[in-house]
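Single-letter residue listing:
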Amino acid sequence: MHISDGVLPISVALGSGVASLAIAAWSVKQTANEDLPKVAVVTASFFVSSLIHVPLGPTSVHLLIPGLVGVLLGPAAFLAILLGLLLQSLLFQFGGLTALGANALMMGIPALLCGLLFKRLRGDTQKQHVLVGGLAGGGGTLLAAALLALLLASGGEDFFGVMKLALLAHLPVFVVEGLVSAFTVSFLFRVKPELLAQQLGAAS
Amino acid sequence: MNFGRTCSLLLLLSSCYLASPVFAGPPTPASEPTIKQLQEENASLRRQLMRLQSQVAAQREELNSPGASQIISGLGYIVGIFGLAGWLAGRKKSAQENS
């Protein structure tokens, strides 16, 4: 689920580029120095997770994990996603450099929203953590698909047609990502629950 | 001597030509099995071609998917960028503590 070069009109590409730069600057400010190693690890996971393909009939779709990145990083998630997408487009030829801003918005905004959702609703019990984590993981991809349809609609595509296609193609991805997020959150809750606090540095 | 060798060479060439399928002569009832053979050959060639095409497609897909070097270099970039950021932040912090 990447937008390629030349699909979006120039005004949309430029506007989303500026918007994503502004959000990235805010995201950098929100990131405490103590969080940098954690952000780096999650960025690396995000970067590599796009190589994990889920076979689906004749084609295959790959994991995106914007929801999980948001759950783990909170406000710093946008920075991680922008950097991961930049490296993906440079090294893997996923998406294009001119569409980088649009791609970052498409994945970064769901990540921020899912991070907020998780922070608000995670509660104290492991059960609730896992439930909300899984919901955020699946919901992040769902939101990303909706944003993809919205961005493509600005390029003259039929919004509902694209939306339907993107949702159908990523149906297994929603499920898989929800499971991956739920598993990760449950593991971290048992092993290192302080990692789920999103901002380590802000607390100290 | 020379003439004789040329003659024998010509004879050899002409016999080759006559034996070649190009000079199969006018179509006779006896040529029906050769058509069948040709069809069989055609079918087997088509099978081989299809196999080659699928191999080419698989190869192309393999070329498009990033290799280990790209993945490792990407991870190296991430570690490097965040390492640099952490180092700068730490330097700033220690400078503040010293002053």
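Since the structure is predicted, the reported quantities are computational estimates derived from the model, not experimental observations.

> An account of the interface of chain A and chain B is requested, with residue identities and associated values reported.
Accessible area lost on assembly of the parts is the figure often given for the size of an interface. Between chain A and chain B, the residue contacts involve 15 residues of the former and 14 residues of the latter. Where chain A abuts chain B, roughly 1,200 Å² becomes buried across the two surfaces, and 85% of that area is made up of carbon and sulfur atoms. Run the count over chain A and chain B and you get 0 salt bridges. Taken together, chain A and chain B are joined by 0 residue pairs in polar contact (both at pLDDT 80 or more). Secondary structure elements with two or more residues in the side of chain A that touches chain B: α2 (36-49) and α4 (77-91) of chain A. Examining the composition of the side of chain A that touches chain B, we find that 7 residues originate from one element, α2(A), more than from any other. Taken together, the residues of the side of chain A that touches chain B sort by class into 12 nonpolar, 2 polar and 1 charged.

> So what's going on with the side chain of Ser49(A)? Residues and values would help.
Residues and elements named next belong to chain A. The residue Ser49 is located in helix α2 in this model. A relative accessible area of 6% places Ser49 in the buried class. At a separation of 3.0 Å, a polar atom in the side chain of Ser49 contacts the main-chain carbonyl oxygen of Phe46. The contact partners of Ser49, leaving out residues within four places of it in the chain, are Leu63, Leu64 and Ile65.

> Summarise the packing of aromatic side chains; cite the residues concerned and give the values.
Enumeration over the complete set of coordinates arrives at 2 aromatic pairs over all chains. Considering the side-chain rings of Phe183(A) and Phe187(A), the 6.4 Å spacing of their centres and the 15° angle between planes classify their relative orientation as stacked. In this pair, Phe183(A) and Phe187(A) are both assigned in helix α8 (residues 171-191), 4 residues apart and thus about one turn of the helix distant. Given a relative accessible area of 56%, Phe183(A) falls into the exposed group. Lying over the aromatic face of Trp87(B), Arg91(B) brings its terminal NZ or CZ to 4.9 Å of the ring centre.

> Give a description of the nonpolar core that names residues and reports values.
Within the largest apolar cluster, 59 residues are counted, with the highest numbers of intra-cluster contacts made by Ile3(A), Val69(A), Leu73(A) and Phe82(B). Among the secondary structure elements, those contributing two or more residues to this core are α2, α3 (66-73), α4, α5 (100-121), α6 (126-154), α7 (159-169) and α8 of chain A together with α3 (68-98) of chain B. Ignoring anything within four residues of it in the chain, the contact list for Ile3(A) reads Leu8(A), Gly95(A), Gly96(A), Ala99(A), Ala102(A), Asn103(A), Met106(A), Leu148(A) and Leu151(A).

Parameters at a glance
- Residues numbered from 1 in each chain as written.
- Chains lettered and ligands numbered in written order.
- Predicted model: local features only at pLDDT ≥ 70, side-chain atom pairs only at ≥ 80, totals over all residues.
- Heavy atoms only, no water.
- Contact = heavy atoms within 4.5 Å.
- Buried area = accessible area lost by both parts, 1.4 Å probe.
- Salt bridge = Lys/Arg side-chain N within 4 Å of Asp/Glu carboxyl O.
- Polar contact = N/O pair within 3.5 Å; in protein donor to acceptor, adjacent residues only side chain to side chain.
- Helix = DSSP H or I, 4+ residues; strand = E, 2+ residues; numbered from the N terminus.
- Nonpolar A, V, L, I, M, F, W, Y, C, P; charged D, E, K, R; others polar.
- Buried < 20%, exposed > 50% of the residue type's maximum accessible area, 1.4 Å probe, protein only.
- Phe/Tyr/Trp six-rings, centres within 6.5 Å; stacked < 30°, edge-to-face > 60°.
- Lys NZ or Arg CZ within 6 Å of the ring centre and 35° of its normal.
- Core = buried A, V, L, I, M, F, W, Y, C linked by side-chain atoms within 4.5 Å.

All quantities given are derived from atomic positions and should not be read as evidence of function.
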